[in-house]
Amino acid sequence: MRVLCTAMGSPSHARAVLPFARALATRGHHVLVATPAHLTHVFDGEPLRTTAVLPDMAATARELMHLVQEGSADPRTAHTELLIALAAGPHATGAARALLPLAEDFAPDLVLRDGAELGGFLVAEDRGIPHLPVPSGNANLLTPERLAPAVDRRRAEAALATPVEPEAIYRYGRLDCIPAAYSFTEPGMPDARRYRQPDLVSRDELLPAWVTELPADRPLVLAALGTALPMLTELRHHGVELPDHLSDPATLLRTIITALSRVSCEAIVVTGGIDPGPVTAPPHIHVTDRVPQPLLLQSTDLFLTHGGYNGIREAVRAGVPMAVLPQFGDQPHNADRVTDLGLGRRCEPDADDITAACEQLLADDKIQATVRHAQRAMLALPDVTTAADDLAGLVEEHRTAG
């Protein structure tokens, strides 16, 4: 079987694709991953091929500039508008055009895409082959009705002749790594093929030595805002003025450090390379550019997160409660869902509220028990490696039906 995988945006999108691409390649299937150049490193050392043909962050930022600036000022709708723009903006046309000759040459039997990459969907529909999104916060919220107008524009711009019905985006289903009882999807979305979130994604990572030397007589809090903050900074570097409801990354980091300085814990604050500016961190606050997050979560008592879907799955896999500080896109929805499910609570970008949330969650036995129950439900899901055989079966069913 020949499988084309596509990923755009931030490294977290590529890391959501990686376990499935790896499982397929390990089973002997031919896997080609199409990404922008800045994401190819995620797949280094894997038994598959990569090609850097999709639009990079700079090109995407330029195309999204007017959509971001002209978006709604109402935070209740602005997050959804931005989510649609990030997935189905004009860059999706460029992605489809880049993938068409690649699909002609590679002749895939299946397309797997990150939930914010629609070029692969458009090309798969045009060629009449199965396609699914990998676990994705975007795919949880991008209902067919929300996407339909933008998808139709992108199809016409790419000169694709095959009409695309709104419900076709999930014609072959979805992939997810959260148990159904803890689903983060909008009502009415089709059910997913569910697999256990891997305990590790990058297999060669180790905890840095300084982490092993931290005191173990106090709870460990990990504050990591994933790839969202660097992505926001990258957009600013390309002249995109972000909406007012999005926090300044450096200011937010300083707020987090201030909040955690009041909590009786050891805290690791991951900046993602963003300079937080003038801030004095007390000895129990350890500021670093990056850590191997899934690995560190296995020994963490609380996760202060932006609410990206990758991080949420990793926290549930490790049985760690979450304080969620959402920024954009699917994150506000995810923060509310974490609260509703009893896996943690949403907090505001205010030092007092973050401090109160962390102190509450560290002492809340009920939330800790709920997270442990969710973890056990995830551990009961099939291993992600079994997805390779399931997807091969899907392709065979499609061939037989055709």
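Above this note sits the structure.
In what follows, the accompanying structure is described. Here the structure is a predicted model, which means the values were calculated and not measured. (Residues numbered from 1 in each chain as written. Predicted model: local features only at pLDDT ≥ 70, side-chain atom pairs only at ≥ 80, totals over all residues. Heavy atoms only, no water.)

### Here we look at the packing of aromatic side chains
(1) Moving on: Evaluated as defined, the whole model comprises two aromatic pairs.
(2) Moving on: An angle of 75 degrees between the planes, with centres 6.1 Å apart, marks the rings of Phe20 and Tyr195 as edge-to-face. A residue pair is termed long-range when its members are at least 10 positions apart, and Phe20 in helix α1 (residues 11–26) and Tyr195 in the loop between β7 (192–194) and α8 (209–212) qualify at 175 residues. As far as the burial class goes, Phe20 and Tyr195 line up, both buried. (Phe/Tyr/Trp six-rings, centres within 6.5 Å; stacked < 30°, edge-to-face > 60°. Helix = DSSP H or I, 4+ residues; strand = E, 2+ residues; numbered from the N terminus. Buried < 20%, exposed > 50% of the residue type's maximum accessible area, 1.4 Å probe, protein only.)

### Remarks on the environment of Gly94
(1) Moving on: Locating Gly94 in the fold gives a position in helix α4 (residues 91–106).
(2) Moving on: Through-space distance from the C-alpha of Gly94 to that of Ala158 is 7.6 Å; in sequence the pair is 64 residues apart.

### With respect to the pattern of salt bridges
Close approach of charged atoms allows side chains of opposite charge to pair.
(1) Moving on: Enumeration over the complete set of coordinates arrives at 19 salt bridges.
(2) Moving on: Among the ionic pairs, Asp352 bridges to Arg262, the shortest N-O distance being 2.6 Å. Of the two residues, Asp352 is situated in helix α14 (residues 351–363) and Arg262 in the loop between α10 (249–260) and β9 (266–270); the sequence distance between them amounts to 90 residues.
(3) Moving on: With a relative accessible area of 41%, Arg262 lands in the partly exposed category.
(4) Moving on: For the salt bridge of Arg346 with Asp336, the shortest nitrogen-to-oxygen distance reads 3.0 Å. Taken together, the residues span a long stretch of sequence, with Arg346 in strand β13 (residues 344–346) and Asp336 in helix α13 (residues 331–341) at a distance of ten residues.
(5) Moving on: On the basis of relative accessible area, Arg346 is assigned to the partly exposed category, the value being 28%.
(6) Moving on: Salt bridges here are not isolated pairs; linked through shared partners, they connect Arg22, Glu46 and Arg203. (Salt bridge = Lys/Arg side-chain N within 4 Å of Asp/Glu carboxyl O.)

### What about the sheet that holds strand β5 (residues 131–133)?
(1) Moving on: In space, the five strands of this open sheet follow the order β3-β2-β1-β4-β5, with parallel pairing throughout. Bordering the open sheet on either side are β3 (49–52) and β5, each of which pairs with just one other strand. With strand direction ignored, the average angle separating the axes of adjacent strands in the sheet is 20 degrees.
(2) Moving on: Sheet analysis places strand β1 (residues 2–6) next to strand β4 (residues 110–113), joined by four bridges and oriented parallel. Its bridge partner being in β4, Cys5 is matched across the sheet by Leu112.
(3) Moving on: Contacting β1, β2 (30–35) and β3, α4 crosses the sheet at an angle of about 165 degrees to β1. (Pairing = 2+ DSSP bridges. Axes fitted to C-alpha atoms, helices over the stretch in contact; angles between N-to-C directions. Contact = heavy atoms within 4.5 Å.)

### Details of unusual backbone geometry
(1) Moving on: With a phi close to 55 degrees, Ala107 is a non-glycine residue in the positive phi region.
(2) Moving on: Considering the arrangement of structural elements, one finds Ala107 in the loop between α4 and β4.
(3) Moving on: With a phi close to 60 degrees, Ala159 is a non-glycine residue in the positive phi region.
(4) Moving on: Mapped onto the secondary structure, Ala159 falls in the loop between α7 (144–157) and β6 (174–176).

Worth remembering: the numbers are spatial, not functional.
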